[in-house]
Amino acid sequence: MKELVVISGKGGTGKTTITASFASLAENKVMCDCDVDAANLFLLLNPTILEEEEIRFSKVANINEEECNKCGICEENCRFKAISDFKVDPIKCEGCGVCELVCPLDAISLESFTSGKIFTTTTKYGPFFYAKLNPGAGNTGRLATEIRNRAFNLANENGSDLVIIDGSPGIGCPVIASITGTDIALVVTEPTLSGEHDLERIIKLTEYFRVKTFVCINKFDINPEITKRIEKYCQSKGHMVAGKIPYNPVVTEAMTKGFPVVEFVDNEVTDEIKKIWGLLLKEVVSPEEL
Amino acid sequence: MIISIASGKGGTGKTTIATSLALAVSNIQFIDCDVEEPNSRIFLKPTIENSQEVNILFPEVDIESCTFCGKCAEFCQFNAISVLEDNVLIFKELCHYCGGCKIVCPNDAISESKRSIGKIEMGNLNGIEFIDGALTVSYPTPTPVIKQMKSYISKELDTIIDSPPGTACPMVESVENSDFCILVTEPTPFGLNDLKLAIDVAEKMNIRYGVIINQSDIGDNKVKEFCSKKGIEILLEIPYSRKIAEGYSRGENLISVIPEYESKFKNLYKKIQKIINSERVSSY
């Protein structure tokens, strides 16, 4: 069983569009959305929710006013400036527990709170896990890990060949949690100076975690010159450009209607996505052949 | 006055809006808080004058003094420490630099040393005071970099903050203490879904907000319907244009591609000033 993660560095390059198309093209797989603070894949997979579970692994410090003698040791030791005037700001508190540890009167305790929900679902494409984070809640890395684990375990139980992971933009906690230990990363980029800059950063990250990396250039015809430069860059780093998708408004139209684009239309966009999938499938089945 | 630009969904045009606003207004401070993928300097092209490291205190274990009691690992809320039979591993991908392990260690075997997790750069262009920061690749936590940049918020100038996407800690840290938040979206189901999430955060943080719809003529009408139903002001609409997309790809700012946008962004700024001022008056 293999894990394939779709990431991008820069946001809005087309990760979810591609992931949803893979969900439609792949067989015998489990899907999950690790973009936990702006999950969108469910909008295209049309899931039926089987189970809804509150996530309670985030913690926040609470000061018991009656027991507190306002010595200020907690505030002194808090590295996140979350305590002022002997009150905890729940948004700034990281739930590390240092204040609880240093309080001489045991007036502080860490309390679990609900930071969101994990949904176990079924779709016409197979099992699918995603989450909804409560507004502004933290711990996105931990949540991404949790979702991945569930997808992984179910895939193992079911004898599935593949887990497809939709990642989040950036290079921080949730991205690191989404890519560590995966077999293949597909980086979706676009031929813009921003896309190019962000691609180099995300590739550094996949190289750091030694994940085999493929690149897909979306809307490649917006700037053929930068597309060429990206191709050269990938070649120099030894990463294969698995495909180049042209700009086409039909991609947005498919999303608006709630379909993976490969189910909505047959054109040069979907031909290319199918070609990319074919390449990755070879990698999933027998990496030696490539 | 602090105006932040956020979105929920990535790639909706935050940086385009933030840099256009800065160029139209000028005489302003600009902070790019998207430290995972900072892009605004591509469009503003500032002259960088200063830089500084962002250091955190990272724990180290002196194996000679360690008794492998496991108290540090037990304490760590982030599972960043693994105590083995004869070694202790600290995972930098998980550590939040809280300092708790050092305090909890009964043998004083843990010390902390400075480590750089990123870099802040400061510069200037035509009256715009520019600050951005970059998180070093492989470190998971952007918030210390964002915090350090925000400690330089100007007392004299108004500030524009370009926020990272999403609705989790990096976005919260970036928009915190803003007087107004511009939420940039696109008229698609993804755009609408993530706009709603971003609105939830703005409302929870008591930040006044308005919406800009980018590529306003693609997709469907549901963002507009949602905004009018909720009474949310649509501050500006920017229709899709291949010319804008191509200009963006080359790092050209919206205002230099289509100069008419300069007055639109000046008006946007005035509109936001008016909203903030009217709120101040009404709260007396």
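The rules behind these values
Residues numbered from 1 in each chain as written. Chains lettered and ligands numbered in written order. Predicted model: local features only at pLDDT ≥ 70, side-chain atom pairs only at ≥ 80, totals over all residues. Helix = DSSP H or I, 4+ residues; strand = E, 2+ residues; numbered from the N terminus. Buried ≥ 20, exposed ≤ 12 C-beta atoms within 10 Å, placed from the backbone. Contact = placed C-beta atoms within 7 Å. Pairing = 2+ DSSP bridges. Axes fitted to C-alpha atoms, helices over the stretch in contact; angles between N-to-C directions. Domains from an automatic or database assignment. Arc of directions from axis to C-beta. Nonpolar A, V, L, I, M, F, W, Y, C, P; charged D, E, K, R; others polar. Expected span 1.5 Å × (residues − 1). Core = buried A, V, L, I, M, F, W, Y, C linked by C-beta atoms within 7 Å. Parallel < 35°, antiparallel > 145°, perpendicular 65-115°, else oblique. Left-handed = near helix turned anticlockwise from the far one by under 90°.

Enquirer: Hey, could you run me through the overall build of chain B in this one?
Expert: If you tally the helices and strands in chain B, you get 11 helices and 11 strands. By its C-alpha atoms, chain B is 70 × 45 × 45 Å across when sized along the principal axes. Considering chain B as a whole, with its 284 residues, one finds that 50% of them fall into the buried category. For chain B, the share of sequence-separated contacts (at least 6 apart) that also reach a separation of at least 24 residues comes to 74%.

Enquirer: How do you make sense of the overall build of chain A when you look at a structure like this?
Expert: The secondary structure content of chain A amounts to 11 helices and 13 strands. For chain A, the C-alpha atoms occupy an extent of roughly 70 × 40 × 40 Å along the three principal directions. Out of the 290 residues in chain A, the part that is buried amounts to 55%.

Enquirer: Explain the sheet that holds strand β2 (residues 28-32) of chain B here, please?
Expert: One key point about sheets: their strands pair by backbone hydrogen bonds, in either a parallel or an antiparallel sense. Residues and elements named next belong to chain B. The strand order across the open sheet built from 9 strands is β3-β6-β7-β2-β8-β1-β9-β10-β11, with neighbouring strands paired in mixed fashion. The open sheet has two edge strands, β3 (47-61) and β11 (234-238), and neither has a second partner. Shown here is a sheet whose adjacent strand axes are inclined to one another by a mean of 20°, direction ignored. Running at roughly 50° to strand β6 (residues 110-125), helix α5 (residues 143-150) makes contact with β2, β3, β6 and β7 (128-135) of the sheet.

Enquirer: Quick question: what am I supposed to make of the sheet that holds strand β13 (residues 240-245) of chain A here?
Expert: All names here are of chain A. Here we have 9 strands laid out as an open sheet, ordered β3-β8-β9-β2-β10-β1-β11-β12-β13, and mixed in their pairing. The outermost strands of the open sheet, each flanked by one partner alone, are β3 (48-55) and β13. Across the sheet, the axes of successive neighbouring strands diverge by a mean angle of 20°, strand direction being ignored. Pairing between strand β1 (residues 2-7) and strand β11 (residues 184-189): 4 bridges, direction parallel. Pairing of V6 across the sheet is with L186, part of β11. Together, β1, β2 (29-33), β10 (162-166), β11 and β12 (212-218) form the strand contacts of helix α1 (residues 15-25), whose direction differs from that of β10 by roughly 160°.

Enquirer: Help me understand the domain arrangement of chain A in this model?
Expert: Annotation of chain A at the domain level lists domain 1 (2-55 + 116-289) and domain 2 (58-113). For domain 1 of chain A versus domain 2 of chain A, the distance between C-alpha centres works out to 39 Å.

Enquirer: Looking at this model, I keep getting lost on the pairing of strand β10 (residues 209-214) of chain B. Mind explaining?
Expert: Two faces belong to every sheet, and in a regular strand the side chains alternate between them. Residue and element names in this part refer to chain B. Of all 6 residues in β10, 5 are buried, a share of seventy percent or more. Sheet topology places β10 next to β11; 4 bridges connect them, and they run parallel. Note on β11: the bridge partner recorded for N214 is I238.

Enquirer: Hey, could you run me through helix α9 (residues 250-257) of chain A in this one?
Expert: An α-helical turn contains 3.6 residues, so any two residues separated by three or four positions project in the same direction. Looking at α9(A), one finds that the buried residues are A:V251, A:T252, A:A254 and A:M255. Around the axis of α9(A), the buried residues are gathered within 160° of arc, so they sit on the same side. Turning to α9(A), the residues buried within the fold contact α1, α2 (42-45), α10 (261-264) and α11 (268-285) of chain A together with α7 (189-204) of chain B. In the stretch just after α9(A), A:G258 is the one whose phi turns positive, near 85°.

Enquirer: So what exactly am I meant to see when it comes to the interface of chain B and chain A here?
Expert: Quoted interface sizes are often the accessible area lost when the parts come together. Contact with chain B, which involves 52 residues of that partner, is made by 52 residues of chain A. Listed by contribution, the elements that provide at least two residues to the side of chain B that touches chain A are α4 (100-104), α6 (169-175), α7 and α9 (242-249) of chain B. When residues in the side of chain B that touches chain A are grouped by element, the largest group, 8 residues, is from α7(B). A breakdown of the residues in the side of chain B that touches chain A according to their chemical character gives 24 nonpolar, 18 polar and 10 charged.

Enquirer: I would appreciate a short explanation of α7(B) in the present structure.
Expert: Residues and elements named next belong to chain B. With 16 residues, α7 extends 23 Å between its outermost C-alpha atoms, agreeing within 8% with the 22 Å of an ideal straight helix rising 1.5 Å per residue. Of the positions making up α7, those classed as buried are F190, G191, L192, D194, L195, L197, A198, I199, V201 and A202. Backbone geometry just after α7 places N206 at a positive phi near 55°.

Enquirer: Would you take a moment to explain the environment of B:F91 for this structure?
Expert: Within the element layout of this structure, B:F91 appears in the loop between β5 (88-90) and α4. Given 13 C-beta atoms within a 10 Å radius, B:F91 is considered partly exposed.

Enquirer: Any chance you could explain the nonpolar core here in plain terms?
Expert: Nonpolar side chains in soluble globular proteins generally cluster together in the buried interior. Ranked by size, the top nonpolar core spans 173 residues in total, and within it A:C32, A:L186, B:A22 and B:L183 carry the most contacts. The biggest single contributor to this core is α7(B), with 8 residues. The contact partners of A:C32, leaving out residues within four places of it in the chain, are A:F128, A:F129, A:Y130, A:I147, A:R148, A:A151, A:V163 and A:I165.

Enquirer: It is not clear to me how the packing of α1(A) against α11(A) should be interpreted in this structure. Could you clarify?
Expert: Two measures define how a pair of helices packs: the angle their axes make with one another and the distance between the axes. Residues and elements named next belong to chain A. Between α1 and α11, the shortest axis-to-axis distance is 10 Å and the interhelical angle comes to 70°. Put simply, α1 runs roughly perpendicular to α11. Crossing of α1 against α11: the hand is right-handed. Only I273, K274 and W277 of α11 make contact with α1, whose side of the interface consists of I18, S21, F22 and L25. Here the contact of α1 with α11 is built from residues that sort into 5 nonpolar, 1 polar and 1 charged.

Enquirer: How should the packing of α7(B) against helix α8 (residues 222-230) of chain B be read in this particular structure?
Expert: All names here are of chain B. The interhelical angle for the contact between α7 and α8, taken along N-to-C directions, is 30°, at an axis separation of 9 Å. Taken together, α7 and α8 sit at an angle that is classed as roughly parallel. Across the interface between the two elements, G191, L192 and L195 of α7 pack against K222, V223 and F226 of α8. In terms of residue class, the contact of α7 with α8 is made up of 4 nonpolar, 1 polar and 1 charged.

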